[in-house]
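What follows is each chain in one-letter form.
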Amino acid sequence: MADQPLLFLVEDDAAFARTLQRSFERRGYRVALAADPAELDQLLAAETPDYAVVDLKLGQASGLACVQTLHGHDPETVIVVLTGYASIATAVQAVKLGATSYLAKPADTDDLEAAFGKIGGDVDTPIGARQTSIKTLEWERIHKTLAESDFNVSETARRLGMHRRTLARKLEKRPLR
């Protein structure tokens with residue numbers, strides 16, 4: 001068992017976490033689950049992972065804190081942030097805090113394993129302008145402000161000048177692709 005790579009999966013959706021856990025175990029990984037930063041701290045007290053998959057939004061907590069904790073514990077850990085709330089602001093912050101990759105949901109085990117192998121950047125990534133819709137701009141602005149206010153919905157609504165319930169409804173909608 002010691003020769004199997006250790007993967008920490010930090011995900012608050014229990015059903016999704018179990019599905020990923022089984023999938024990675026079939027591929028030869030040892031998987032440990034954490035649903036929040038406190039559980040991650042308990043796991044780190046016992047072992048150091050080779051890989052980590054961290055959800056960006058963990059209930060009321062931010063997965064960015066988990067990225068920072070994992071990177072501080074061992075900078076060699078390959079950390080992938082997986083989120084249904086993808087935005088440029090949170091992607092930049094995740095990488096600054098130590099994540100090696102940032103993937104938007106839906107992503108499967110193949111996507112995550114491919115991200116584990118892409119530690120360095122790719123200079124051949126095509127550069128091109130893309131049209132940005134008003135909805136995408138709004139989504140990115142909301143998530144940038146949400147990250148800046150430590151994922152406090154009431155504070156984010158105040159900063160954006162909108163009613164808290166309106167913001168909550170916007171956050172409950174499926175993320176843009």
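Residues numbered from 1 in each chain as written. Predicted model: local features only at pLDDT ≥ 70, side-chain atom pairs only at ≥ 80, totals over all residues. Heavy atoms only, no water.

Chemist: What exactly am I supposed to notice about the packing of helix 1 (residues 14-26) against helix 5 (residues 109-117) here?
Modeler: Relative orientation and spacing of two packed helices are given, respectively, by the angle between their axes and the distance between those axes. Running from N to C, helix 1 and helix 5 point in directions that differ by 65°, and their axes come no closer than 10 Å. As for how helix 1 packs across helix 5, the hand of that crossing is right-handed. Listed contacts from helix 5 to L20, S23 and F24 of helix 1 are T109, L112 and F116. Taken together, the residues of the contact of helix 1 with helix 5 sort by class into 4 nonpolar, 2 polar and no charged. (Axes fitted to C-alpha atoms, helices over the stretch in contact; angles between N-to-C directions. Helix = DSSP H or I, 4+ residues; strand = E, 2+ residues; numbered from the N terminus. Left-handed = near helix turned anticlockwise from the far one by under 90°. Contact = heavy atoms within 4.5 Å. Nonpolar A, V, L, I, M, F, W, Y, C, P; charged D, E, K, R; others polar.)

Chemist: It is not clear to me how the pattern of salt bridges should be interpreted in this structure. Could you clarify?
Modeler: Two side chains carrying opposite charge are able to pair once their charged atoms lie near each other. Counted under the stated rule, the structure contains 9 salt bridges. A salt bridge links E11 to K105, with the nearest nitrogen and oxygen atoms 3.5 Å apart. Note that E11 is positioned in the loop between strand 1 (6-10) and helix 1 and K105 in the loop between strand 7 (101-104) and helix 5, a separation of 94 residues in sequence. Taking the relative accessible area as the measure of exposure, E11 reaches 5% and is therefore buried. K105 sits in the partly exposed class, given a relative accessible area of 28%. With its nearest N and O atoms 2.8 Å apart, the salt bridge here joins E148 to K144. With E148 and K144 both in helix 6 (residues 134-148) and 4 residues apart, this pair spans about one turn of that helix. (Salt bridge = Lys/Arg side-chain N within 4 Å of Asp/Glu carboxyl O. Buried < 20%, exposed > 50% of the residue type's maximum accessible area, 1.4 Å probe, protein only.)

Chemist: Looking at this model, I keep getting lost on the side chain of T83. Mind explaining?
Modeler: Turning to its location among the elements, T83 is positioned in strand 6 (residues 78-83). A relative accessible area of 0% places T83 in the buried class. Ignoring any residue separated from it by four or fewer positions in sequence, one finds T83 in contact with D55, L56, Y102, L103, A104 and K105.

Chemist: Help me out: how do you make sense of the packing of aromatic side chains in this one?
Modeler: Pairs of aromatic rings are described using the distance from one ring centre to the other and the angle between the two planes. Applying the stated rule across the entire model yields 5 aromatic pairs. Residues Y29 and Y51 carry aromatic rings whose centres are separated by 5.9 Å and whose planes lie at 70° to one another, so their mutual orientation is edge-to-face. Placement of the pair is Y29 in the loop between helix 1 and strand 2 (30-34) and Y51 in strand 3 (residues 51-55), with a sequence separation of 22 residues. For Y29, a relative accessible area of 8% gives the class buried. Y51 gets classed as partly exposed once you look at its relative accessible area, which sits at 21%. Members of the aromatic cluster, joined through ring pairs, are F24, Y29, Y51 and F116. (Phe/Tyr/Trp six-rings, centres within 6.5 Å; stacked < 30°, edge-to-face > 60°.)

Chemist: Explain the sheet that holds strand 3 to me, please; I cannot follow it from the model alone.
Modeler: Either a parallel or an antiparallel arrangement is found when strands of a sheet pair, and the pairing is made through backbone hydrogen bonds. Pairing is parallel across the open sheet formed by 5 strands, whose spatial order is 2-1-3-6-7. Of all the strands in the sheet, just strand 2 and strand 7 have a single pairing partner and so form its edges. Here the strands of the sheet are splayed against their neighbours by 20° on average, with no regard to which way each runs. Two strands pair when backbone bridges link them, and strand 1 and strand 3 are joined in this way by 4 bridges, in the parallel orientation. Bridge assignment links V10 to a residue of strand 3, and that residue is V54. Contacts between helix 5 and the sheet are confined to strand 1, strand 3, strand 6 and strand 7, with strand 6 contributing the most and set at about 145° to the helix. (Pairing = 2+ DSSP bridges.)

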